[in-house]
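This is what each chain is made of:
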Number of protein chains: 2
Amino acid sequence: MSKYCIGVDLGGTFIKFALLDEDRRASGTFQLPTPAGRGSAGVVEQMVRGARKLMGDHGLRAADVHGVGIGAPGPLDLDNGVVIAMPNVPGMENVPLRNLVSDGLHLPAVLENDANAAAYGEYLCGVGGGRGDMVMLTLGTGVGSGIVLNGRIHHGSHGIGAELGHMIVEPSGEKCGCGQQGCLERYCSATYIARLARRMIEKDGRASSLQSVLDAKGDIDAKDISDACRDGDELAAYVWDNGAYYLALGCVNICRIFDPDEIVLAGGMARAGDELMEPVTRHFRRLHWKLTEPKTRLAIAALGSDAGVVGAAGVAWQKFAQKR
Amino acid sequence: MSKYCIGVDLGGTFIKFALLDEDRRASGTFQLPTPAGRGSAGVVEQMVRGARKLMGDHGLRAADVHGVGIGAPGPLDLDNGVVIAMPNVPGMENVPLRNLVSDGLHLPAVLENDANAAAYGEYLCGVGGGRGDMVMLTLGTGVGSGIVLNGRIHHGSHGIGAELGHMIVEPSGEKCGCGQQGCLERYCSATYIARLARRMIEKDGRASSLQSVLDAKGDIDAKDISDACRDGDELAAYVWDNGAYYLALGCVNICRIFDPDEIVLAGGMARAGDELMEPVTRHFRRLHWKLTEPKTRLAIAALGSDAGVVGAAGVAWQKFAQKR
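Residues numbered from 1 in each chain as written. Chains lettered and ligands numbered in written order. Predicted model: local features only at pLDDT ≥ 70, side-chain atom pairs only at ≥ 80, totals over all residues. Heavy atoms only, no water.

Attention now moves to the interface of chain B and chain A. Counting from both sides, the interface comprises 42 residues of chain B and, opposite them, 42 residues of chain A. Where chain B abuts chain A, roughly 3500 Å² becomes buried across the two surfaces, and 58% of that area is made up of carbon and sulfur atoms. Here chain B and chain A share 0 salt bridges between them. At the boundary of chain B with chain A, the tally comes to 30 residue pairs in polar contact (both at pLDDT 80 or more). (Contact = heavy atoms within 4.5 Å. Buried area = accessible area lost by both parts, 1.4 Å probe. Salt bridge = Lys/Arg side-chain N within 4 Å of Asp/Glu carboxyl O. Polar contact = N/O pair within 3.5 Å; in protein donor to acceptor, adjacent residues only side chain to side chain.)

Laid out in structure tokens, this is it:
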């Protein structure tokens, strides 16, 4: 019988669980609520309970499982498997999550940053095809990123690498919350393109069908913009294209730096699919150097919101099973 | 007796030779002219002759040598050890240099891009200390770069990665010969800071002590600027500081991307030493995000123009000797 790895993706609202088999096929994905009121003990208990349920549902005993990969939001101490803090979940300060889960399940465990886990999931089971080099950009509140080189997640020497959203691309540009100026994410994250649309309507008094969205909801999000764009709204088209331009610029820089096989776009904005890929690809080809044709493939993430839990299992697979 | 690796650095004017022992100590460096008139056969003959001389001088037989590392300027086909073309050396088109040198010496050989070899030399025997992650920027005609991650040179999936001089940092800025706009090297290579000084004097009619250099030599180079800077020339100070600013910006981006242990500055401009490091470090600290202190060390290259040949030997060491 084939052996499995368990993936657990710890989020602020839900904990996700999945199995990964030795042929890199994911299955059994489900989620449980993240218990917010019972501190770290409640969280660990829920993680152990979910993993046991996953094993029970599939008739697995500990001997059938290589290990558990845990994805969690930063900041983390990866070497020691410790969650340093977790926004929205009180009591998760300096929790040795890796060892607690490992002890609870009597299985080896490994902790990974959730953004890196998601990139690794796409690398192993999604767009990346499990070979070569892949860079993933996740377009959400900011622009998260994960870098997989030769099948290894790149963490950096001090655990603060792979922050491609904070590449400076407009040195005289917008101030970023990180203290820098002109960071990539200030120009192409879902949050910032929505903010630009709102600014153009409210401050510059520009006409747009998005005005009615603003009136109804009090705010605009990236999906409203892509919807309005599809309906022919000019302001929405400008804002969407501007975001795509900067995303393409980031992709060109990633080619110059890494020359990866794939750059994968993920997160809420990537659900726009071709409506995102078309303008990004167009700007990418124009901005790209002329010394060679573009060789890196741009693609939309294939696993959606399962990438994190699948990748967490994948990290366990790499650590505990790959040597076989 | 300890075994050695031989490094051969093929340049347009000289071929350099060096030995590297198993304790990563380089010795015996010397150079021979690159024969320009006898095609690839003449070049290969000179490489074999030099390597034999190196072995003879140190009383080494083939059994005392792990292998030969060859550094050569691009474009190369690394997988097959082929020089595709070599500016200034006629007859070096599609030459299977690795196999020809290997056959001539009856030793295993490996081919590497010279910029990567230089970075690997600094990594193994210079600033890098032979551990962790290191990025090197070589400031010359352009801005060359080499990336060493976990002791491995990063080439990219299509052999066109590690071109950090072509990161776009001013999207509306200067056109670059590569076909992009606002590439880093257009703002901080030795060539471009000299060009900026000249433009300010000749086109904008700005006063500067560099005028007399222009009158005498017909041109200005980066060393003239750092000299004038030291003598208190205002225009030179502006130009030098502007170059340092963009170099610092590049270093901040490298931290966000790689988070390496060291960023090493090399090439002619780096010979200015503290006069370069002081303004670069000042701008770096100011531009760097505030989420953490800067953790990556900035340093001037330690090996100077020997980095390439030492690194070439190092590449052979990694490939043929490291497993011992």
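Okay, the pattern of salt bridges next. One pass over the structure, following the stated rule, counts 40 salt bridges over all chains. Close ionic contact of A:Lys217 with A:Asp224 constitutes a salt bridge, the shortest N to O distance being 2.7 Å. With a shortest N-O distance of 3.1 Å, B:Arg282 and B:Glu278 are connected by a salt bridge. Placement of the pair is B:Arg282 and B:Glu278 together in helix H9 (residues 274-287), with a separation of 4 residues, close to one helical turn. (Helix = DSSP H or I, 4+ residues; strand = E, 2+ residues; numbered from the N terminus.)

Turning our eyes to something else, we now look at helix H5 (residues 190-202) of chain B. Residue and element names in this part refer to chain B. Its 13 residues place the ends of H5 18 Å apart at the C-alpha level, agreeing with the 18 Å of an ideal helix rising 1.5 Å per residue. Among the residues making up H5, those that are buried are Ala 190, Tyr 192, Ile 193, Ala 194, Leu 196, Ala 197, Met 200 and Ile 201. Against the buried residues of H5 lie strand S8 (134-139), helix H4 (185-188), helix H6 (210-217), helix H7 (222-230) and helix H8 (234-257). (Expected span 1.5 Å × (residues − 1). Buried < 20%, exposed > 50% of the residue type's maximum accessible area, 1.4 Å probe, protein only.)

For the rest of this paragraph, the subject is the sheet that holds strand S3 (residues 26-33) of chain B. Residue and element names in this part refer to chain B. Spatial strand order, S3-S2-S1-S4-S7: 5 strands in an open sheet with mixed pairing. Two strands lie at the open edges of the sheet, namely S3 and strand S7 (109-113), each paired on one side alone. Across the sheet, the mean angle separating the axes of adjacent strands is 20° when strand polarity is ignored. Note that strand S1 (residues 4-10) and strand S4 (residues 65-72) share 6 bridges and pair parallel. The residue of S4 that forms the bridge with Cys 5 is Gly 67. (Pairing = 2+ DSSP bridges. Axes fitted to C-alpha atoms, helices over the stretch in contact; angles between N-to-C directions.)

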